[in-house]
Amino acid sequence: DQVVITAGRRIGPAEIGGCMALGIIQLRVATKPRIGIISSGDEVIHPEESPRPGQVRDVNSYSLGALIEEAGGQPVLYGIVPDKLEVMKSTAEKALAECNAVIITAGSSASARDMTAEAIGTLGAPGVLVHGVNVRPGKPTILSVCGGKAVIGLPGNPVSAVVIAGLFVVPLIEKLLGLTARLPRPSVLAQLTVNLPSQTGREDWVAVKLLKNGKWATGNGEVRYLAEPVFAKSNLIFSLAAADGLVRIPPDMTGISAGEMVEVSL
């Protein structure tokens, strides 16, 4: 006998075709993990509503839901929760009981993040493990385990939420799916167009647009990409929509100079 597909491997077109060639018409596969999404904040309203001064439409429930679905999970939306501790606790308890993991996006204020951490602390042991990561964007991230299930508190800023979800939520879904090896994110090398400063000890992720430019080349005349940063406020989700990928600045660097080659994660 020969093993043609190992356990813990994602099934794609080639694997399906191979199984048909061997007459294997049924496979045991992992159930899509249910990931609960709670959006919080007194200022957050449903997307179909017209915002009044100080209000913002709920972006995170839907961008994170799409990210979860793309990673192989099943998003379960629990709506918008006001900045009231008891309401947050009861909603989080319900989500944790019904899902394999829970994501909570907190408001932008420190008090909202503290309330989220307090609510998570009541869901089960050991509770909050990490409150704050040295990553930009996304410093006010909360990583928790409650009763054997992951509960992750994400920043309220839409860009920060998506970037941090890519770093922590996507690997979690892959683990819950039983994937034995994570495929590397597709990437290309590009030449940076401007200086990118960074703070030593902090990991930075910068959105960039890829440009083709035949004016510079390697010795054989090969055209390469230029990486042009998309500078925008951290809450503007269209800055990610306009970008082709992200450049990582490692925590042991003070930045990357213009002209250097960088790896762009697509």
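As a starting point, this report considers the structure included with it. Bear in mind that the values here come from a model prediction, so they are computed numbers and not experimental data.

### With respect to unusual backbone geometry
Here the residue pair alanine 125 and proline 126 is connected by a cis peptide bond, since its omega of -5 degrees sits within 30 degrees of zero. On the secondary structure map, proline 126 appears in strand S6 (residues 126-131). Put simply, arginine 136 and proline 137 share a cis peptide bond, and its omega is 0 degrees. In this fold, proline 137 is placed in the loop between strand S7 (135-136) and strand S8 (142-146).

### Looking at the nonpolar core
Core analysis: the largest hydrophobic core is formed by 27 residues, its most contacted members being Leu64, Ile68, Ile103, Leu154, Val169 and Ile173. Looking at this core, the elements that each hand over two or more residues are strand S1 (34-40), helix H2 (60-71), strand S5 (101-105), strand S9 (149-154), helix H5 (158-177) and strand S12 (203-217). Ranked by residue count, the leading element in this core is H5, at nine residues. In this view, leucine 64 contacts Ile37, Ile103, Thr105, Leu154, Ala161, Val162 and Ala165; residues no more than four positions away in its chain are not counted.

### What about the environment of valine 135?
Positionally, valine 135 belongs in strand S7. The class of valine 135 is buried, set by a relative accessible area of 10%. Between the C-alpha atom of valine 135 and that of leucine 167, which follows or precedes it by 32 residues, the distance is 10 Å.

### A look at the layout of surface pockets
Estimates place the volume of the largest pocket at around 1000 Å³. Around the largest pocket, the lining is made up of 30 residues, and of these Glu70, Val170, Arg182, Arg185 and Leu266 lie nearest the centre. Those elements that provide at least two residues to the lining of the largest pocket are H2, H5 and strand S14 (245-249). Residues of the lining of the largest pocket, tallied by class, amount to 17 nonpolar, six polar and seven charged.

### Things to note about the side chain of serine 144
Counting through the fold element by element, serine 144 comes out in strand S8. Ignoring any residue separated from it by four or fewer positions in sequence, one finds serine 144 in contact with Ile120, Gly127, Val128, Leu129, Lys149, Ala150 and Val151.

### Things to note about a nonpolar patch on the surface
On the surface, Val4, Ile11, Ile16, Met20, Leu22, Ile24, Ile25, Leu27 and Val29 cluster together to form a nonpolar patch covering roughly 860 Å² of accessible area. Within the fold, methionine 20 resides in helix H1 (residues 13-21). Looking at methionine 20, the relative accessible area reads 46%, which means it is partly exposed.

### Notes on the sheet that holds S5
Strands sit in the order S4-S1-S5-S9-S8-S6 across an open sheet of six strands; the sheet is mixed. Of all the strands in the sheet, just strand S4 (74-81) and S6 have a single pairing partner and so form its edges. For this sheet, the mean inter-axis angle between neighbouring strands, taken without regard to orientation, is 20 degrees. Relative to S4, S1 runs parallel, the two sharing six bridges. Note that in S4 the partner of glycine 36 across the bridge is valine 76. In this fold helix H3 (residues 85-98) packs onto S1, S4, S5, S8 and S9, with an angle of close to 170 degrees to the strand it touches most, S4.

Calculation rules
- Residues numbered from 1 in each chain as written.
- Predicted model: local features only at pLDDT ≥ 70, side-chain atom pairs only at ≥ 80, totals over all residues.
- Heavy atoms only, no water.
- Helix = DSSP H or I, 4+ residues; strand = E, 2+ residues; numbered from the N terminus.
- Core = buried A, V, L, I, M, F, W, Y, C linked by side-chain atoms within 4.5 Å.
- Buried < 20%, exposed > 50% of the residue type's maximum accessible area, 1.4 Å probe, protein only.
- Contact = heavy atoms within 4.5 Å.
- 1 Å grid on protein atoms, 1.4 Å probe; cavity = no way out; pocket = protein on both sides within 12 Å on 5 of 7 lines; lining within 4 Å.
- Points joined across faces, edges and corners; volume = space filled by probe spheres on them.
- Nonpolar A, V, L, I, M, F, W, Y, C, P; charged D, E, K, R; others polar.
- Patch = residues over 30% accessible without salt bridge, like charges linked within 9 Å, V, L, I, M, F, W, Y side chains within 5 Å.
- Areas by Shrake-Rupley, 256 points an atom, 1.4 Å probe, with all protein chains shown as cover.
- Salt bridge = Lys/Arg side-chain N within 4 Å of Asp/Glu carboxyl O.
- Pairing = 2+ DSSP bridges.
- Axes fitted to C-alpha atoms, helices over the stretch in contact; angles between N-to-C directions.

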